[in-house]
Amino acid sequence: TTSRIQFTPDLLPSDVTGVTIYDQGKGKFEFHQGPIFASIVLADEINRATPKTQSALLEAMEEGQVTVDGDTHILPKPFFVLATENPIEMEGTYPLPEAQLDRFLLKVLVPNPSEDEMTAILARTTGHAVEAPTSVLHRDDVLSLRALCRDIAVAEPVLRYAARFVAASVPESSAAPEVVKRALRYGAGVRGGQSLVLASKALAMLEGRAQVAFTDIQRVAPPALRHRMIRSFEGEADGITTDQVIEELTRLVPTRPGAVEQAVQGSR
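The model shown is predicted, which means the values in this text are computed figures rather than measured ones.

### Some points on helix H12 (residues 242–252)
- Listing the buried residues of H12 in full gives Thr242, Val245, Ile246, Leu249 and Leu252. Within H12, the buried residues cover an arc of 130° as seen down the axis, which keeps them to one side. Of the residues in H12, the exposed ones pointing more than 90 degrees away from the buried face are Glu247 and Arg251.

What follows is the structure in structure tokens.
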């Protein structure tokens, strides 16, 4: 099942999770599920909702459940949230808390379409309605693939590389290069490392490989880490993006264990 939630400043947490209502015919209170009870939830323009409403997603995204009036309700499996942000309008928007950003596995940038892409969009959306796509995977298939993804092997050197990559993004770390110390206020944490490894496993599985390579970590680093790095005032003033920081980390953090200090010193 799928659902779409249009986030607005007047949206309440109960509009997302659901509400308990007294049923006079049955003579008892009953919980009415909100739109969060779906396998795929599209949170449209999520930064338009107030922090209180955004917080209603935290438990759902982390534990796969919601608690209303002291009762816990389990969400369907699989469950994941696709969210869009309005990056242009600032009035009436509320930046997502860092704790909520950290719960998103990936952040994908959607640039303006090219001429060919715009032509395809116009052709598809201004003519007759296209047929709905046919289903290629069922619920059990998705759950099986998700379990299989966890079985993709990751050698210890690759895990250590992911750990060094995350550590190098923390400005207070001795392994952090100069660009991190100058441009970032906060780096990635444990969830960032988990996202690096899990996304790399998914990439390897999609390409038919049974183990993760160093290059997989590097390929998924931008979408896995760009929203987990908070820029400093100096970084914003200099126009240094988190993608540029990740690009430098990809260049400077070595795959060979024990060579971080050499790479960092060489960058200064």
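### Examining the environment of Ser3
- Tracing the backbone through its elements, the reader meets Ser3 in strand E1 (residues 2–6).
- Overall, Ser3 belongs to the buried group, its relative accessible area being 17%.
- Remark: the alpha-carbon pair of Ser3 and Ala132, spanning 129 residues in sequence, is separated by 16 Å.
- Discounting residues that sit within four places of it in the chain, Ser3 has contacts with Pro35, Ala38, Ile40, Val41 and Leu42.
- A distance of 2.5 Å separates a polar atom in the side chain of Ser3 from the backbone oxygen of Pro35.

### Here we look at the packing of aromatic side chains
- This structure, assessed with the given rule, holds 4 aromatic pairs.
- Taking 6.0 Å as the distance between ring centres and 75° as the angle between the ring planes, the aromatic pair formed by Tyr161 and Phe165 counts as edge-to-face. Linking Tyr161 with Phe165, this pair stays in helix H7 (residues 156–167), spanning 4 residues, or about one helical turn.
- Given a relative accessible area of 0%, Phe165 falls into the buried group.
- One aromatic cluster is present, built from ring pairs that chain together Tyr161, Phe165 and Phe214.

### Section: the pattern of salt bridges
- Considering all chains together, one arrives at 15 salt bridges under this definition.
- Of the charged contacts, one joins Lys26 and Glu30 as a salt bridge, the two residues approaching to 2.9 Å between their closest N and O atoms.
- By relative accessible area, Lys26 is classed as exposed at 53%.
- Under the relative-accessibility criterion, Glu30 is labelled partly exposed at 21%.
- Note that Asp243 and Arg226 form a salt bridge whose closest N and O atoms lie 2.9 Å from each other. In this pair, Asp243 sits in helix H12 while Arg226 sits in the loop between helix H10 (214–225) and strand E9 (230–231), placing the two residues 17 residues apart along the sequence.
- Residues joined in a network through salt bridges with shared partners are Glu62, Asp102, Arg103, Arg191 and Arg228.

### Thoughts on the nonpolar core
- In this structure, Phe165, Leu196, Leu225, Val245 and Leu249 are the most contacted members of the largest nonpolar core, which totals 31 residues.
- Of all the secondary structure elements, the ones that give two or more residues to this core are H7, helix H8 (178–183), helix H9 (190–206), H10 and H12.
- If sequence neighbours within four positions are ignored, Leu196 has contacts with Ala162, Phe165, Val166, Ile217, Val220, Ala221, Ala224 and Leu225.
- Phe7, Val16, Ala60 and Leu96 belong to the second-largest nonpolar core, a separate cluster that totals 21 residues.

Rules and cut-offs
- Residues numbered from 1 in each chain as written.
- Predicted model: local features only at pLDDT ≥ 70, side-chain atom pairs only at ≥ 80, totals over all residues.
- Heavy atoms only, no water.
- Buried < 20%, exposed > 50% of the residue type's maximum accessible area, 1.4 Å probe, protein only.
- Helix = DSSP H or I, 4+ residues; strand = E, 2+ residues; numbered from the N terminus.
- Arc of directions from axis to C-beta.
- Contact = heavy atoms within 4.5 Å.
- Polar contact = N/O pair within 3.5 Å; in protein donor to acceptor, adjacent residues only side chain to side chain.
- Phe/Tyr/Trp six-rings, centres within 6.5 Å; stacked < 30°, edge-to-face > 60°.
- Salt bridge = Lys/Arg side-chain N within 4 Å of Asp/Glu carboxyl O.
- Core = buried A, V, L, I, M, F, W, Y, C linked by side-chain atoms within 4.5 Å.

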